[in-house]
Amino acid sequence: MHHKIGVLTGGGDCAGLNSAVKWVTKTALDPYLAADKGLSVEVIGVREGWKGLVELDPVDPESVAKWTQPLDELAVRTWDRYGGTNLGTSRTNPFNPKNDQSRRCVENIAALGLTSIVAIGGEDTLSVAHKLYNLGQKVVGIPKTIDRDLNATDYTLGYDTALNVIIEEVDRLRTTAGSHNRLFVVEVMGRHAGWLALEGGQASGAHIILIPEYDFEMGKVADLLTRRREAGVRYDIVVVSEGAKIRGEGEVYLSDKADGFGHKVLGGIGAGVAKDLERLTGFETRHVVLSHIQRGGHPSARDRLMGRYFGIAAVDLILEEDFGRMVAYKNGEITSIPLKQAIEKLYVVDLERHYDVDRYNGRRSSLARPHAKA
Ligand code: F6P
């Protein structure tokens, strides 16, 4: 039997994508697999996510060369060491109601002779994967997003590297904040979910953490900070998620222009918070927006490994002809779930379990309840 697997990366780039593509390729082209199962397999990288499958003209060799890249072991040998995505990415939505190009996408999959697609992405990319599956396409998904907000998986590629960027940068800010007795507001990513702010803030020892799941009161933040200074601390770090909101107000956007999935670019809450806190507390305040720095750099060990395990599992699903599923990490194991379940809701911070609404920080209880007593 001959397989021709198309692999693509969509949505925001992050660390770990190249590792996943490498391991899809290496697993699919494993000579032992061919010998044991009598399979012949090709792997084709599709450039720039769903955009590649929409833009491509299958009868024009130049266009095919522009939007696809045959992958083999040698081509991907070193990929796992590098951040970003060597295949490129986009936020193109073939099912965009303003310009539906889903038919073209399906026709191009057939014209390229692709027998299956591995889509590596977050809620948007995987929602397209799910729709294509419903149209009869043989699709499997791999979860990635630094926001870690996909449902039914305990890990999404890129998260760990982004978290490590946050603690590195906050550590750097700490010395200058301390030298100047300043308050620093650090804005991190996280569109709807506060995981990066909450876990990045806790890991870096931030005093205040503001997340999208709980609308905060500026006066209360100022009080908490003032009390801390009165207790003798010379400087403060506040970590705020880009999607966090002041109670009674909306999200803060950098631009009103929306992408193909209807998302506007968030950003600016950190500057507003810094200004208000300086006014309310009288502390000299600066703000820093970590922005896309969180998506860059070399993948952490965890992202390289998870990229590897997810890539291998995606090929397993294809060989088992188990389509319409996303590989997932659940309770310490690599598994898979229906794509539908991955996208039906977002995985956000559970205030009851993870966030202390009085301290604006992580909860001071970590034992799961009920727990076994000796
Ligand atoms: O979805 C991941 C993410 O990094 C979000 O945290 C952020 O809001 C968004 O992407 C930024 O997207 P862009 O790269 O298009 O600016």
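Residues numbered from 1 in each chain as written. Predicted model: local features only at pLDDT ≥ 70, side-chain atom pairs only at ≥ 80, totals over all residues. Heavy atoms only, no water.

Attention shifts here to a nonpolar patch on the surface. A cluster of nonpolar side chains, namely L305, Y309 and I334, defines an oily patch on the protein surface of about 240 Å² accessible area. Mapped onto the elements, L305 comes out in helix α12 (residues 301-319). For L305, a relative accessible area of 41% translates into the label partly exposed. (Patch = residues over 30% accessible without salt bridge, like charges linked within 9 Å, V, L, I, M, F, W, Y side chains within 5 Å. Areas by Shrake-Rupley, 256 points an atom, 1.4 Å probe, with all protein chains shown as cover. Salt bridge = Lys/Arg side-chain N within 4 Å of Asp/Glu carboxyl O. Helix = DSSP H or I, 4+ residues; strand = E, 2+ residues; numbered from the N terminus. Buried < 20%, exposed > 50% of the residue type's maximum accessible area, 1.4 Å probe, protein only.)

What follows covers the sheet that holds strand β3 (residues 68-71). The strand order β3-β2-β1-β4-β5-β12-β13 describes an open sheet built from 7 strands, whose pairing is mixed. The sheet terminates laterally at β3 and β13 (333-338), the two strands that pair on one side only. Taken over all neighbouring pairs, the strand axes of this sheet differ in orientation by 30° on average, direction set aside. Examined bridge by bridge, strand β12 (residues 325-330) and β13 share 6 bridges and lie antiparallel to one another. Note on β13: the bridge partner recorded for K330 is E333. (Pairing = 2+ DSSP bridges. Axes fitted to C-alpha atoms, helices over the stretch in contact; angles between N-to-C directions.)

Turning next to the site of the ligand. Taken together, R91, I146, D147, M189, G190, R191, E242, H292 and R295 make up the full set of residues near the ligand. Interatomic distance of 2.8 Å between a side-chain N/O atom of R91 and an oxygen atom of the ligand. G190 places a polar main-chain atom, nitrogen or oxygen, 3.4 Å from an oxygen atom of the ligand. Most atoms of the ligand, that is more than half of them, are within 2 Å of grid points of the largest pocket. Across the shell around the ligand, the residue classes break down as 2 nonpolar, 2 polar and 5 charged. When residues of the shell around the ligand are assigned to domains, at least three map to each of domain 1 (2-157 + 299-343) and domain 2 (161-296 + 350-362). (Near = heavy atom within 4 Å. Polar contact = N/O pair within 3.5 Å; in protein donor to acceptor, adjacent residues only side chain to side chain. 1 Å grid on protein atoms, 1.4 Å probe; cavity = no way out; pocket = protein on both sides within 12 Å on 5 of 7 lines; lining within 4 Å. Sits in = over half its atoms within 2 Å of the grid points. Nonpolar A, V, L, I, M, F, W, Y, C, P; charged D, E, K, R; others polar. Domains from an automatic or database assignment.)

By domain assignment, the protein chain separates into domain 1 (2-157 + 299-343) and domain 2 (161-296 + 350-362). With centres defined by C-alpha atoms, the gap from domain 1 to domain 2 works out at 33 Å. Opposite the 19 residues of domain 1 that make contact, domain 2 presents 17 residues. Taking both partners together, domain 1 and domain 2 bury about 1600 Å²; carbon and sulfur atoms supply 48% of that area. Viewed at the interface, domain 2 and domain 1 are joined by 2 salt bridges. For the salt bridge of D13 with R295, the shortest nitrogen-to-oxygen distance reads 3.0 Å. Inspection of the domain 1/domain 2 interface yields 6 residue pairs in polar contact (both at pLDDT 80 or more). Sorting elements by how many residues they give to the side of domain 1 that touches domain 2 places helix α7 (residues 123-134) first, with 4 residues. Classifying every residue of the side of domain 1 that touches domain 2 gives 5 nonpolar, 6 polar and 8 charged. (Contact = heavy atoms within 4.5 Å. Buried area = accessible area lost by both parts, 1.4 Å probe.)

A few words on helix α11 (residues 269-281). Between its terminal C-alpha atoms α11 stretches 18 Å, which fits the 18 Å expected from 13 residues at 1.5 Å a residue. The complete set of buried residues in α11 reads I269, G270, V273, A274, L277 and T281. The buried residues of α11 all sit within an arc of 130° when viewed along its axis, so they share a single face. In α11, the exposed positions that point more than 90 degrees away from the buried face belong to K275 and R279. Buried residues belonging to α11 abut β6 (183-188), α10 (218-230), β8 (236-241) and β11 (285-289). Taken from the residues just after α11, G282 is the one with a positive phi, measuring 80°. (Expected span 1.5 Å × (residues − 1). Arc of directions from axis to C-beta.)

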